[in-house]
Amino acid sequence: MDRQLSRRRPGVDAELRDDQQPLASPSNLKPGALLTMERFLQDLPNAEQPPVEHQPQYHTGRMPNSRAGEGKPRLLLMGQKRSGKSSISSVVFHKLPPSETLYIETTHRIKKDSMHSFMDFGIWDLPGHVDYFESDFDTDKIFSEIGALIWVIDAQDEYLDAIARLNLTILNLQEHYPSINIEVFVHKVDGLSDDFRADTYRDIIQRVQDELADHGFDNAPISFHQTSIYDHSIFEGFSKVIQKLIPQLPTLEAMLNNLCMTCNIEKAYLFDIMSKIYIATDTSPTDIANYEICSDYIDVVIDVSEIYGWDRPDEGDGTETGNNEAESLITMEKKGSRYLYLREINKYLALVCIMGEDSPAEKKALIDYNVGVFQAGLKKVFPKSERDAQIEIRAANGSMDS
């Protein structure tokens with residue numbers, strides 16, 4: 001596999017290899033192609049947004065007006081004992097190798113974690129032997145700030161009791177917290193044959209939906225995912241969950257669609273670098289194989305960055321650093337018919353694209369320019385930087401102290 005890894009260092013001009021052509025300046029490119037993304041950004045204020053009733057009732061992303069630890073959407077991991085909840089949390093959010101999850105002890109009390117990256121959210125791992133709707137528990141404290149409830153079902157075990165407890169939980173939530181998203185992870189499917197996996201998945205869905213329909217809930221907000229910690233399906237599942245917590249998702253998808261159309265990109269993902277969860281992708285069909293390639297590609301670039309890179313300053317700190325984002329381009333096949341392109345958007349996000357037969361080297365100036373416009377568009381969609389958030393938090397704390 002041929003690789004080109006490069007870094008844009010502030011104040012340093014990149015040297016051209018013998019087989020490279022000088023990059024054309026934007027003014028020398030076709031105006032129509034270059035202005036496509038710019039026109040799209042001009043229309044952003046008038047872009048169609050999702051209906052209010054479909055938006056989360058809490059603010060997502062970074063919380064510039066909240067104090068530390070408050071107001072973050074929360075993900076609850078629930079399910080029977082030994083269903084794999086703690087293993088999921090350890091692999092996705094703590095980078096524990098899947099083989100080492102065999103030594104994780106059973107959860108006996110609520111474990112609270114926080115994810116600090118592009119989005120700040122809490123992850124609560126709840127023991128499976130407790131009924132949290134009993135009078136001994138403050139259900140409002142547990143469920144009031146939920147972004148999503150993730151119910152984990154062990155597909156390799158007897159799951160009838162797990163389905164019964166899931167449906168009881170859904171019925172309780174529908175009565176008091178009807179807007180909560182319910183996500184069912186049919187977990188540990190890696191140990192099942194393809195046919196038995198499909199039959200088990202369909203059986204679980206059918207049993208859950210039939211029982212809810214019997215209680216009058218035909219359209220409960222519930223989604224199903226097949227997952228395993230031994231492949232990328234668990235990250236794919238969490239990506240779908242997190243995307244529902246982002247009100248700006250339709251705008252992000254429209255921007256990625258426009259970028260793909262302008263630069264002839266087959267598939268584009270906007271990844272959270274820390275977790276490798278993609279917060280958005282274009283609306284073309286998603287192939288798990290392509291997602292795995294892009295996810296592994298991030299690991300490669302991050303490993304190189306940790307050796308040869310540097311700390312990224314927070315945006316908005318007043319320091320002129322130039323274009324110092326990580327950038328990489330590799331050839332996926334010997335004949336050069338497919339390419340992977342990565343561009344670090346900021347210290348939290350990376351854009352990873354799969355491109356087809358047209359050589360990116362021949363149109364790299366156009367791609368770089370449009371990705372730069374896309375990057376500028378993200379700042380309009382998410383205008384608050386981390387430094388802005390910290391300044392406002394410190395100001396709020398100072399005013400309260402005084």
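Please refer to the structure higher up on the page.
Residues numbered from 1 in each chain as written. Predicted model: local features only at pLDDT ≥ 70, side-chain atom pairs only at ≥ 80, totals over all residues. Heavy atoms only, no water.

Q: I'd love a proper account of the packing of aromatic side chains, names of residues and values included.
A: All told, the structure shown has 10 aromatic pairs when counted by the stated rule. Aromatic side chains F93 and F121 sit 5.9 Å apart centroid to centroid with 75 degrees between the ring planes, which places their arrangement in the edge-to-face category. Within this pair, whereas F93 is found in helix α2 (residues 85-94), its partner F121 is found in strand β4 (residues 120-125), the two being separated by 28 residues in sequence. Under the relative-accessibility criterion, F121 is labelled buried at 4%. Ring geometry for F271 and Y291: centres 5.8 Å apart, planes at 15 degrees, overall stacked. In this pair, F271 sits in strand β8 (residues 265-272) while Y291 sits in helix α8 (residues 288-308), placing the two residues 20 residues apart along the sequence. For the pair formed by F271 and Y291, the shared burial category is buried. In this arrangement the basic side chain of K267 is found over the ring face of Y269, its NZ or CZ atom lying 5.8 Å from the centre. (Phe/Tyr/Trp six-rings, centres within 6.5 Å; stacked < 30°, edge-to-face > 60°. Helix = DSSP H or I, 4+ residues; strand = E, 2+ residues; numbered from the N terminus. Buried < 20%, exposed > 50% of the residue type's maximum accessible area, 1.4 Å probe, protein only. Lys NZ or Arg CZ within 6 Å of the ring centre and 35° of its normal.)

Q: Which residues make up the pairing of β8, and what values do they have?
A: Across the eight residues of β8, seven count as buried, placing the element largely inside the fold. Bridge analysis of β8 against strand β12 (residues 349-355) gives seven bridges, and the strand direction is antiparallel. Directly across from D272, in β12, lies its bridge partner L349. By the bridge criterion, three bridges tie β8 to strand β9 (residues 278-281) in an arrangement that is antiparallel. By the bridge assignment, L270 is partnered in β9 with A280. (Pairing = 2+ DSSP bridges.)

Q: Just give me the short version of the nonpolar core, but keep the residues and values in it.
A: In a soluble, globular protein the nonpolar side chains are often hidden away together inside. One finds F238, L351 and F374 to be the most contacted residues of the largest nonpolar core, which totals 65 residues. Both domains that meet at this core, namely domain 1 (74-245) and domain 2 (248-309 + 326-383), each give it at least three residues. With 35 residues, the next largest nonpolar core counts L126, Y159, V189 and V208 among its residues. (Core = buried A, V, L, I, M, F, W, Y, C linked by side-chain atoms within 4.5 Å. Domains from an automatic or database assignment.)

Q: So, the state of the cysteines: which residues are in play, and what are the values?
A: Scanning the model with the defined rule gives zero disulfides in all. Here C260 is not cross-linked by a disulfide; its sulfur's nearest cysteine counterpart is in C353, at 6.2 Å. For C260, a relative accessible area of 9% gives the class buried. Not part of a disulfide, C294 finds its nearest cysteine sulfur in C353, a span of 8.0 Å. Classification of C294 by relative accessible area gives buried; the value is 0%. (Disulfide = S-S within 2.5 Å.)

Read these as spatial facts, not as claims about activity.
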